[in-house]
Amino acid sequence: MGFLVTTLIFVVIGIIACLCTRICCNRGPSANLFHLTLVITATICCWMMWAIVYLAQMKPLIVPILNEGE
Amino acid sequence: MVNEGRFLPTMDLLRSEPMQLVQLIIPIESAHRSISYLGDLGLIQFKDLNADKSPFQRTYASQIKRCGEMARRLRLFKEQMTKAGVSPSTWSTRDNHFDLEHLEVKLEELEAELLEINANNEKLQHTYNELLEYKLVLEKVGEFFSSAKNKAVAQQKELEFQTTVEGSIDSPLLLEQEETTTKQIKLRFISGLVHREKSIPFERIIFRATRGNVFLKQAVIQHPVLDPLSGEKVHKNVFVVFYSGERVKSKILKICDAFGANRYPFSDDLSKQFQTIREVSGRLSELKTTIDAGLIHRSTLLQTIGYHYEQWSLQLKKEKSIYHTLNMLSINVTKKCLLAEGWCPVFATSQIHKVLERATMDCSSQVGAIFQVLETKESPPTYFSTNKFTSSFQEIVDAYGIAKYQEANPGVYTIVTFPFLFAVMFGDWGHGICLLLAALYLIIREKKFASQKLGDIMEMAFGGRYIIMLMALFSIYTGLIYNEFFSVPFELFGPSAYGCRDSSCRDASTTGFIKVRSTYPFGVDPKWHGTRSELPFLNSLKMKMSILLGVSQMNLGIIMSYFNAKYFENNINIWYQFVPQIIFLNSLFGYLSLLIIIKWSTGSQADLYHVMIYMFLSPTDDLGENQLFVGQKLLQLVLLLLALVAVPWMLVPKPFLLKKQHQERHQGQSYDLLYGTDDPLESESQSIPHDEFDFSEVFVHQLIHTIEFVLGAVSNTASYLRLWALSLAHSELSSVFYDKVLLLAWGYNSTIVLIVGIFVFICATVGVLLLMESLSAFLHALRLHWVEYQNKFYEGDGYKFFPFSFTLLTDEDEL
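Nothing here was measured: the structure is a model prediction, and the numbers come from that model.

**Side note on the overall build of chain B**
Alright, step 1. Secondary structure assignment for chain B yields 24 helices and 13 strands.
Alright, step 2. Seen through its principal axes, chain B has C-alpha atoms that stretch 155 × 105 × 50 Å.
Alright, step 3. The contacts of chain B with a sequence gap of at least 6 include a subset with a gap of at least 24, amounting to 81%.
Alright, step 4. When the accessible area of chain B is evaluated, it comes to approximately 44,400 Å², of which 59% is carbon and sulfur surface.
Alright, step 5. On chain B, the mean spot of the 77 positive side-chain charges and the mean spot of the 87 negative ones are 6 Å from each other.

**Section: the pairing of strand β1 (residues 19-27) of chain B**
Residue and element names in this part refer to chain B.
Alright, step 1. When you tally the buried positions in β1, you get eight out of nine residues, the bulk of the element.
Alright, step 2. Two strands pair when backbone bridges link them, and β1 and strand β10 (residues 337-345) are joined in this way by nine bridges, in the antiparallel orientation. Among the inter-strand pairings, M19 is bridged to a residue of β10, identified as P345.
Alright, step 3. Relative to strand β11 (residues 370-374), β1 runs antiparallel, the two sharing five bridges. Note that in β11 the partner of L21 across the bridge is L374.

**As for the side chain of B:Q20**
Residues and elements named next belong to chain B.
Alright, step 1. You can see Q20 is positioned in strand β1.
Alright, step 2. A polar contact of 2.7 Å, which involves the side chain of Q20, links it to the side chain of T349.
Alright, step 3. Residues within four places of Q20 in sequence aside, it is in contact with G342, W343, C344, P345, V346, T349 and V373.

**Overview of the packing of aromatic side chains**
Alright, step 1. Applying the stated criterion across every chain yields a total of 41 aromatic pairs over all chains.
Alright, step 2. Geometrically, the ring pair formed by B:F189 and B:F242 is tilted, given 5.7 Å between the ring centres and 55° between the ring planes. Taken together, the residues span a long stretch of sequence, with B:F189 in strand β3 (residues 188-195) and B:F242 in strand β7 (residues 236-243) at a distance of 53 residues.
Alright, step 3. Summarising the aromatic geometry, the rings of B:Y567 and B:F568 are spaced 5.4 Å apart at their centres and angled 90° between planes, so their arrangement reads as edge-to-face.
Alright, step 4. What makes B:Y567 buried here is its relative accessible area of 11%.
Alright, step 5. In this structure B:F568 comes out as partly exposed when scored by relative accessible area, which is 29%.
Alright, step 6. A connected cluster of aromatic rings, assembled from ring pairs, spans A:F3, A:F10, A:W47, A:W50 and A:Y54.

**Quick word on the UniProt feature "transmembrane region" (unreviewed entry) in chain B**
Alright, step 1. As recorded in UniProt, the feature "transmembrane region" (unreviewed entry) lies at residues 420-444, 465-482, 545-563, 575-598, 634-652 and 746-772 of chain B.
Alright, step 2. For residues 634-652 of chain B, the helix share is 95%, the strand share is 0%, and the end-to-end C-alpha distance is 28 Å.

**Focus on the UniProt feature "transmembrane region" (unreviewed entry) in chain A**
Alright, step 1. When the UniProt feature table is mapped onto this chain numbering, "transmembrane region" (unreviewed entry) sits at residues 33-56 of chain A.
Alright, step 2. End C-alpha to end C-alpha, residues 33-56 of chain A measures 34 Å, and it is 100% helix and 0% strand.

**Let's talk about helix α22 (residues 722-747) of chain B**
Residue and element names in this part refer to chain B.
Alright, step 1. For α22, built from 26 residues, the straight-helix expectation of 38 Å at 1.5 Å per residue is met to within 8% by its first-to-last C-alpha distance of 36 Å.
Alright, step 2. All of the buried residues along α22 are R722, L723, L726, S727, H730, S731, S734, S735, F737, V741 and A745.
Alright, step 3. In this fold, the buried residues of α22 make contact with α10 (411-426), α11 (429-444), α14 (465-482), α15 (534-567), α21 (695-719) and α23 (751-789).

**Brief notes about the UniProt feature "coiled-coil region" (unreviewed entry) in chain B**
Alright, step 1. UniProt marks residues 100-127 of chain B with the feature "coiled-coil region" (unreviewed entry), using the numbering shown here.
Alright, step 2. Here residues 100-127 of chain B runs as 100% helix and 0% strand, with 40 Å between its end C-alpha atoms.

**Quick word on the domain arrangement of chain B**
Residues and elements named next belong to chain B.
Alright, step 1. For chain B, the assigned domains read domain 1 (15-49 + 329-383) and domain 2 (389-500 + 521-663 + 695-792).
Alright, step 2. Relative placement of domain 1 and domain 2: their C-alpha centres are 47 Å apart.
Alright, step 3. Buried area between domain 1 and domain 2, both sides added, is near 690 Å², and the carbon and sulfur share of it is 48%.
Alright, step 4. Taken as a group, R15, S16 and T382 account for 76% of the area that domain 1 buries against domain 2, more than any other trio of residues on that side.
Alright, step 5. For the interface between domain 1 and domain 2, the tally reads zero salt bridges.
Alright, step 6. If you look at where domain 1 meets domain 2, you find six residue pairs in polar contact (both at pLDDT 80 or more).
Alright, step 7. When grouped by side-chain class, the residues that make up the side of domain 1 that touches domain 2 number four nonpolar, three polar and two charged.

**What about the pattern of salt bridges?**
All names here are of chain B.
Alright, step 1. Scanning the entire structure with this criterion turns up 17 salt bridges over all chains.
Alright, step 2. Between E104 and R66 there is a salt bridge whose closest N-O contact spans 2.9 Å. Taken together, the positions of E104 in helix α3 (residues 100-165) and R66 in helix α2 (residues 61-84) put the pair 38 residues apart, joining distant regions of the chain.
Alright, step 3. On the basis of relative accessible area, R66 is assigned to the partly exposed category, the value being 26%.
Alright, step 4. Across the pair E69 and R72 runs a salt bridge whose closest N-O atoms are separated by 2.7 Å.

**Brief notes about the sheet that holds strand β4 (residues 215-220) of chain B**
All names here are of chain B.
Alright, step 1. An order of β4-β7-β3-β8 is seen for the four strands of this open sheet, with the pairing classed as antiparallel. Strand pairing shows two members of the sheet lacking a second neighbour, β4 and β8 (262-264), which therefore form its edges. Sheet twist, expressed as the mean angle between neighbouring strand axes with direction ignored, is 25°.
Alright, step 2. Of the pairings in the sheet, the one linking β3 to β7 comprises eight bridges and is antiparallel in character. When the sheet's bridge partners are listed, F189 is paired in β7 with F242.
Alright, step 3. The sheet contacts of helix α5 (residues 196-209) involve β3, β4 and β7, and relative to β3 the element is tilted by about 145°.
Alright, step 4. Contacting β3, β7 and β8, helix α6 (residues 246-258) crosses the sheet at an angle of about 165° to β7.

What counts as what
- Residues numbered from 1 in each chain as written.
- Chains lettered and ligands numbered in written order.
- Predicted model: local features only at pLDDT ≥ 70, side-chain atom pairs only at ≥ 80, totals over all residues.
- Heavy atoms only, no water.
- Helix = DSSP H or I, 4+ residues; strand = E, 2+ residues; numbered from the N terminus.
- Contact = heavy atoms within 4.5 Å.
- Areas by Shrake-Rupley, 256 points an atom, 1.4 Å probe, with all protein chains shown as cover.
- Lys, Arg positive; Asp, Glu negative; His and termini not counted.
- Charge placed at Lys NZ, Arg CZ, Asp CG, Glu CD.
- Buried < 20%, exposed > 50% of the residue type's maximum accessible area, 1.4 Å probe, protein only.
- Pairing = 2+ DSSP bridges.
- Polar contact = N/O pair within 3.5 Å; in protein donor to acceptor, adjacent residues only side chain to side chain.
- Phe/Tyr/Trp six-rings, centres within 6.5 Å; stacked < 30°, edge-to-face > 60°.
- UniProt positions renumbered as here; feature names shortened; annotations may be inferred.
- Expected span 1.5 Å × (residues − 1).
- Domains from an automatic or database assignment.
- Buried area = accessible area lost by both parts, 1.4 Å probe.
- Salt bridge = Lys/Arg side-chain N within 4 Å of Asp/Glu carboxyl O.
- Nonpolar A, V, L, I, M, F, W, Y, C, P; charged D, E, K, R; others polar.
- Axes fitted to C-alpha atoms, helices over the stretch in contact; angles between N-to-C directions.

Here it is in structure tokens:
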């Protein structure tokens, strides 16, 4: 459930970033499409990175084991 | 021309700018100015229409020779200014702009004046040096004679005393004395200076040549003397040689010449000696004044030249490049027009029109230049219009190969994926912040550094400042994901998901913690740090992450090849290249990625290693405990079959279809010939140049390509594991520096040890992690983009648009 919520957060942040880029750096349809591509790519990369680490920790096969004498 | 924008909206940087081959017909009178204005514009790449001619056969060879002569003069000025310690003025006055003739005349005049001043100064200096030596000779030899005279007087008194005492033998002594006096009157002498290192052989040879019938005396001069001939400072001795007879004199003169000894006249009359010294001293001071005035004059002249030097150099470079460009143009038979051909971006058409019109008006030319677009089958050069942000990323791609004209540019996604993959390897938000500060420093000082001459390394760092900034930002992000701040974890996004089994925590070091809360919401759980199971967990996590990221990027590459095939309307590449490649990659490695995700989601204990191996070795056997989902066996069978089918699908059809295509084209040509038998001219014009189709060559090429892709899919996937390896290395090194340096120093409870520890920690962090590790991660990210990603779709066999531009000229050219 936490996975879906955070994914939704990433989507929202991505949309907001797209809108901000569109508003702040409006330089014609060709450049805007370029900026949109960059923002979407960055959002997907960041989401993918987060999702991989989150999924790996959802149902771990091993647990943290402290060193002796700690 | 390819249909642009028909299927997809245009996007900056994805395709190179549309280019056109243009032809200019320029009247001779406005040609120079037209080319000059086009050089300022910097948007035309001229073709060399006189490639078959030698440099001396070209139209403007004489002008280029003149430019060469002027460049020689400027180099002479530069050399003279360097010697005189005058530096060219950086603020150059641009008010007066000379044309080439005026500049040539002025440089000629200045050169003549400078050479004259130099010659005069040299002559005066020579005379000055000679007089200086003469003065030294006068002083030293004067000392000789004074001391000799004193000795003679003493000796004479002694002789008189003896005569008085021994009166009985007066007659014989008086006679001998008279004879001695007679001999002394006949002696002569030569005086001058000789090099100190030559003085001993000089003395020896004179003694031998005259059989010992000379008297030679030398004195050392304490300070080095400026040699009149060589102009260098030399250690010398003053010498005086006493001799009798003309034959001995000629011998001595020859020996003096052989040893380079300078001779100066000397009078034995005391009053004349003093007079000569006064005269020489007077002339010396007079010459000194004259020499100083000459030097001031020379310095003034050089400073005047220095004010204009940069401007003149720049203008001369421009003129030279203009004439080189004019030499590329073809002059027509009537010698009234120049014909030019070149490539320019389509968007530059109106700008070029304006420039040519302006040149026509400025020259008051009656006929304007003609500008027209030519149709051609040649492949245009590749031109991406970038800004200061995107240019460095484009250079990363261009270093691998220049894109073919209008080929999909990997630079678009590289802007994000390159710093992202770097950050996956470098992830630590403490180090990311350090990198960000360095990048921001370079960006804030942008204007200052842009106008400076930086060192090699600094130049590269400055050129890549935006890459460094993005790498830093992504590193901060992945550092938060890895939960490392100089290798120290924090609970930034909530408490750890792991806790003790009971309140006593006795099992923490044996059985370990248990998961008592929901998953840590962002990044790696901080409890893993420092535990025995940290490495197994992180290794497993990062290896799987590498596979997932790698397969994603490779799929993106193959999808790019689809866009290329679509754009160039190459259906063969879509159906017999793109489709089987996607099927093959995702049947095997896409499936592996899916298994990874399923394993994580379900917490299964299946061994993916064995699943993949036995998918090939025994696909029909039961999976047993390695089953992750229902129907897995059937799916694996289907995927295996798909992969097996994809390989011949990639290999076989394309060569045959290309052959068929070629045959159809050939047949069409035959039909044209048949129709055109009535009109031989029309028939000739329709003939297309025959291109040989070698089926075996095409087939072998396709075979190599298929093998490369299939094997590449395996090796490239394994190659992405470097993301894990680099990340692990960075993390472990960071931990070692923190634990073994900082914490160890802290444990000593000594301020001095702590300061030393902090210092060592800072040096290790900056030297090893920020410099060496970041360079290493950079290179590996570069490799992943060049080979693993671009290999999937990028041909990179184009050539770069290199326009005639004064801006490029200023940076690159040297006089």
